[in-house]
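# Tertiary structure, described
Here is how the chains run, residue by residue.
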Amino acid sequence: MSYFVHLHLHTEWSLLDGAIKIDDLIERLLAYRMPGCAITDHGTLYGLIHFYNKLTSAGLKPLLGCEFYVAEGSRFNKKSLKRGEAGYHLILIAKNEVGYKHLVKLGSLAYLEGFYYRPRIDKELLKTYSSGLIALSACLEGEIPQLILQGSMDKALEVAKFYHELFGEDFYLELQRNGLPEQEKVNLGLLEIAEKLKLKCVATADCHYLDKEDAFAHEVLLCIQTGKTLEDTDRFKFNTDKLYFASSEEMQERFKDLPSSLLEYTLEILDKVELKLDLGNPLFPKAKVPPGEKEETYFIKKAREGLAKRLAE
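Here the focus is the pattern of salt bridges. Counted by the stated rule, this structure contains 21 salt bridges. Of the charged contacts, one joins Glu219 and Arg235 as a salt bridge, the two residues approaching to 2.8 Å between their closest N and O atoms. Residue Glu219 is found in helix H8 (residues 215-226), and its partner Arg235 is found in the loop between H8 and helix H9 (248-254); the two are separated by 16 residues along the sequence. Overall, the relative accessible area of 13% leaves Arg235 in the buried class. A salt bridge links Lys302 to Glu305, with the nearest nitrogen and oxygen atoms 3.1 Å apart. One end of the pair, Lys302, and the other, Glu305, are both in helix H11 (residues 295-312), three residues apart, so they sit about a helical turn from each other. Residue Glu305 is classed as partly exposed on the basis of its relative accessible area of 42%.

In structure tokens form, the structure reads like this:
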């Protein structure tokens, strides 16, 4: 049995970003004797049900999550931002049915209320829909890692306190070993914060593709996403070939100089998740129709009003 599971993973449903096909992922999970793993596609929940059904049928435990974009201020602020400044990353994983419903709610509101370059939530929404969710501080694009890189340790500590107060023992600091020098600086800062606040740290690999040899194909995928070519010197790229689905043994080797608890806590999170979806029984909300209105005509009227509003923005 594996002594590590992946908690940060982007599938083919993370459009033009992830390159892991779920059928191939299942084969690798079984080969590595891993009991399950998480799906954390960027800003979307498109693949959750497909992922859930596939892994469950294979006797594996699916952890349903998302790598959300969290706006620096309000999700309603949609001015003077660039694409790359759309929001900090944050991993959220549903621990139970309540958490799954909150995950879906956050995913919907990210598009309906917060979309600006990317689907975004904010800390106001997190305060409302935090129960039943496990949170990880994410990759280098997370708020805490970004503050560490800026040398703002006091602010990073303050943000870590916020998430710890919000999620309690279900908030973890996320360490990676991706070969980037800035990641090592972040890891040191995260370990310092963990010691001060008595927080738990977990190891992740930020998987975007299955094998190390897929790194070049993934670069091509990113070029398609950003409208660039491989010849463009300013194109977006990860500058590392370690974003693949590593085995437990390799993860142990990557983190051999750090406490073994970084890998063990991934199994703790796996054990925390108790989620069984009741599929095949759609639950549609009952629409409230004003007196004198018929459901069909009222729906058409509201749809047209909404379209006019969107076109005017």
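What follows is about the environment of Leu149. Here Leu149 is to be found in helix H5 (residues 143-149). Excluding anything up to four places from it in sequence, Leu149 contacts Leu140, Glu182, Lys185 and Val186.

So, on to the side chain of Arg28. With respect to the helices and strands, the residue Arg28 is situated in helix H1 (residues 22-31). The buried category is assigned to Arg28, whose relative accessible area is 18%. If we ignore the near neighbours within four places in the chain, the residues touching Arg28 are Leu210, Asp211 and Phe245.

Let us look at the packing of helix H6 (residues 153-167) against helix H7 (residues 181-197). Helices that pack against each other are described as a pair by the angle of their axes relative to one another and the distance between those axes. Running from N to C, H6 and H7 cross one another at 55°; their axes reach a closest spacing of 10 Å. Here H6 is positioned oblique relative to H7, judged by the angle of their axes. In this structure, the crossing between H6 and H7 has a hand that is right-handed. Here H6 contributes Met153, Ala156, Leu157, Ala160, Lys161 and His164 to the contact with H7, which in turn contributes Gly189, Glu192, Ile193, Lys196 and Leu197. Of the residues that constitute the contact of H6 with H7, the class distribution is six nonpolar, two polar and three charged.

Right, let's get into the packing of H1 against helix H2 (residues 48-57). Contact pair H1 / H2: the axes reach a minimum separation of 10 Å and the direction vectors enclose 35°. As H1 runs across H2, the sense of the crossing is right-handed. On the side of H1, the interface is formed by Ile22, Asp23, Leu25, Ile26 and Leu29, while H2 contributes His50, Phe51, Lys54 and Leu55. Looking at the contact of H1 with H2 residue by residue, the classes come out as six nonpolar, one polar and two charged.

Take the packing of aromatic side chains next. This structure, assessed with the given rule, holds six aromatic pairs. Judged by centre distance (5.0 Å) and plane angle (75°), the ring pair of Tyr116 and Tyr117 falls under edge-to-face. Taking the relative accessible area as the measure of exposure, Tyr117 reaches 41% and is therefore partly exposed. On the basis of an interplanar angle of 20° and a centroid distance of 6.3 Å, the ring pair of Tyr163 and Phe167 is categorised as stacked. With Tyr163 and Phe167 both in helix H6 and four residues apart, this pair spans about one turn of that helix. Each of the two residues, Tyr163 as well as Phe167, counts as buried. Within the aromatic cluster, the residues linked to one another by ring pairs are Phe162, Tyr163, Phe167 and Phe171.

Note that Glu67 resides in strand E2 (residues 61-70). Buried within the structure, Glu67 lacks any salt-bridge partner; its nearest side chain of opposite charge belongs to Arg118, at an N-O separation of 10 Å. Side chain to side chain, Glu67 and His10 meet in a polar contact 3.0 Å long.

Rules used in this analysis
- Residues numbered from 1 in each chain as written.
- Predicted model: local features only at pLDDT ≥ 70, side-chain atom pairs only at ≥ 80, totals over all residues.
- Heavy atoms only, no water.
- Salt bridge = Lys/Arg side-chain N within 4 Å of Asp/Glu carboxyl O.
- Helix = DSSP H or I, 4+ residues; strand = E, 2+ residues; numbered from the N terminus.
- Buried < 20%, exposed > 50% of the residue type's maximum accessible area, 1.4 Å probe, protein only.
- Contact = heavy atoms within 4.5 Å.
- Axes fitted to C-alpha atoms, helices over the stretch in contact; angles between N-to-C directions.
- Parallel < 35°, antiparallel > 145°, perpendicular 65-115°, else oblique.
- Left-handed = near helix turned anticlockwise from the far one by under 90°.
- Nonpolar A, V, L, I, M, F, W, Y, C, P; charged D, E, K, R; others polar.
- Phe/Tyr/Trp six-rings, centres within 6.5 Å; stacked < 30°, edge-to-face > 60°.
- Lys, Arg positive; Asp, Glu negative; His and termini not counted.
- Polar contact = N/O pair within 3.5 Å; in protein donor to acceptor, adjacent residues only side chain to side chain.

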